[in-house]
Structures are given as C-alpha cells and as structure tokens.
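Architecture at a glance
What follows is the residue order along each chain.
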Amino acid sequence: MSACQSCGACCACFRVDFSVYEMNIEGGPVPSGLAVEVNGNTWRMRGTDHVPIRCAALTGTLGQKVGCGIYEWRPSPCREFEEGSDACERARARHGLPSLTVVLTAPPATAPEDPPAGP
Ligand code: SF4
Ligand code: SF4
C-alpha cells in the first residue's frame, strides 16, 4: 500500500501551480471551483496560496487517512510528484512524519576469537 494514503503532507506544503490549459474552462481536467487564477497563464490549487497550506481538494486527516478529491483530474504537478523523492521527504518532515527511507545497518561482523593456545 502506498504511504500516500496515510500521509498527504505534500498537499499541505507546497504551492501547486499549473498551466491554464489544465483548467476545465480551457478543456483540461481540473475543476474550476478548486483553483484560483494567478495570472493569464497560470492557475493555482485553492488552499495552496496561503499559510497554513492545505489544498482544497485534500480530504481526511493528514498523517492518518487522506485522499485527493479530484484524483482523476488532479493537475500535472501532483501527477509528477514522486513518493520517496527529496521533496516528499521534506514535506513529511515538515509535518513531523517519519522518513520513508529506512536505512538498515547491520552490526559489524565480529571475528571469532582465537582459540586458546594449546599446552
Ligand atoms: S509527501 Fe510523499 S508520502 Fe506523503 S502524500 Fe506526498 S508523495 Fe505521498
Ligand atoms: S489536487 Fe489532490 S494531489 Fe494535488 S495537492 Fe490537491 S489534494 Fe494533493
């Protein structure tokens, strides 16, 4: 199971900007009511333009159980964001969630002791 389903940190960390051509009003997938215009070319997911950041499409409780209300229609920055990436780790750390990269270090090998010297 993806860690994303019990995370949501990146949806509450970064501005989510994308091209106007991804907007519903221009024939793209993103529903108009969930984004605001930044300028003629760029739109931004509502809720990611002020602190505390939380995308308006994010449902559930961060760090427990979350979902994207427009998963099928989410904009390209969300589609391209990679679980386990540096940005993902930064977002998780900012929300007090543990790293996804668990480095397991084996204890140093110990050489068997020399046998006792014979008589
Ligand atoms: S911060 Fe990482 S683990 Fe959390 S929802 Fe985003 S991509 Fe998934
Ligand atoms: S559109 Fe969905 S995936 Fe993108 S930031 Fe908002 S809740 Fe997260």
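Residues numbered from 1 in each chain as written. Chains lettered and ligands numbered in written order. Predicted model: local features only at pLDDT ≥ 70, side-chain atom pairs only at ≥ 80, totals over all residues.

1. Comments concerning the site of ligand 1
- Around ligand 1, the neighbouring residues are Ala 3, Cys 4, Cys 7, Gly 8, Ala 9, Cys 10, Phe 81, Glu 83, Cys 88, Ala 91 and Arg 92.
- Among the residues forming the shell around ligand 1, the class breakdown is eight nonpolar, one polar and two charged. (Near = placed C-beta within 6 Å. Nonpolar A, V, L, I, M, F, W, Y, C, P; charged D, E, K, R; others polar.)

2. Digging into the site of ligand 2
- As a matter of local geometry, ligand 2 sits amid Cys 11, Val 16, Met 45, Cys 55, Ala 57, Leu 58, Cys 68, Ile 70, Arg 74 and Cys 78.
- Split by residue class, the shell around ligand 2 holds nine nonpolar, no polar and one charged.

3. Remarks on the nonpolar core
- Core analysis: the biggest nonpolar cluster contains 19 residues, and Ala 9, Cys 10, Ala 12, Met 45 and Cys 55 have the highest contact counts within it.
- Contributions of two or more residues to this core are made by strand S3 (42-45) and helix H2 (86-94).
- Not counting residues within four places of it along the chain, the set of residues in contact with Cys 10 comprises Phe 81, Ala 87, Cys 88 and Ala 91. (Core = buried A, V, L, I, M, F, W, Y, C linked by C-beta atoms within 7 Å. Buried ≥ 20, exposed ≤ 12 C-beta atoms within 10 Å, placed from the backbone. Helix = DSSP H or I, 4+ residues; strand = E, 2+ residues; numbered from the N terminus. Contact = placed C-beta atoms within 7 Å.)

4. Some remarks on unusual backbone geometry
- A cis amide bond, omega 0 degrees, links Val 51 with the succeeding residue Pro 52.
- By the secondary structure assignment, Pro 52 is in the loop between S3 and strand S4 (58-61).

5. A look at the sheet that holds strand S1 (residues 17-19)
- Sheet architecture is open: three strands sit in the order S1-S3-S2, paired in antiparallel fashion. Looking at which strands have only one partner, the edges of the open sheet turn out to be S1 and strand S2 (35-37). Taking each pair of neighbouring strands and ignoring which way they run, the sheet shows an average axis angle of 35 degrees. (Pairing = 2+ DSSP bridges. Axes fitted to C-alpha atoms, helices over the stretch in contact; angles between N-to-C directions.)

No statement about biological role is implied by the geometric values presented.
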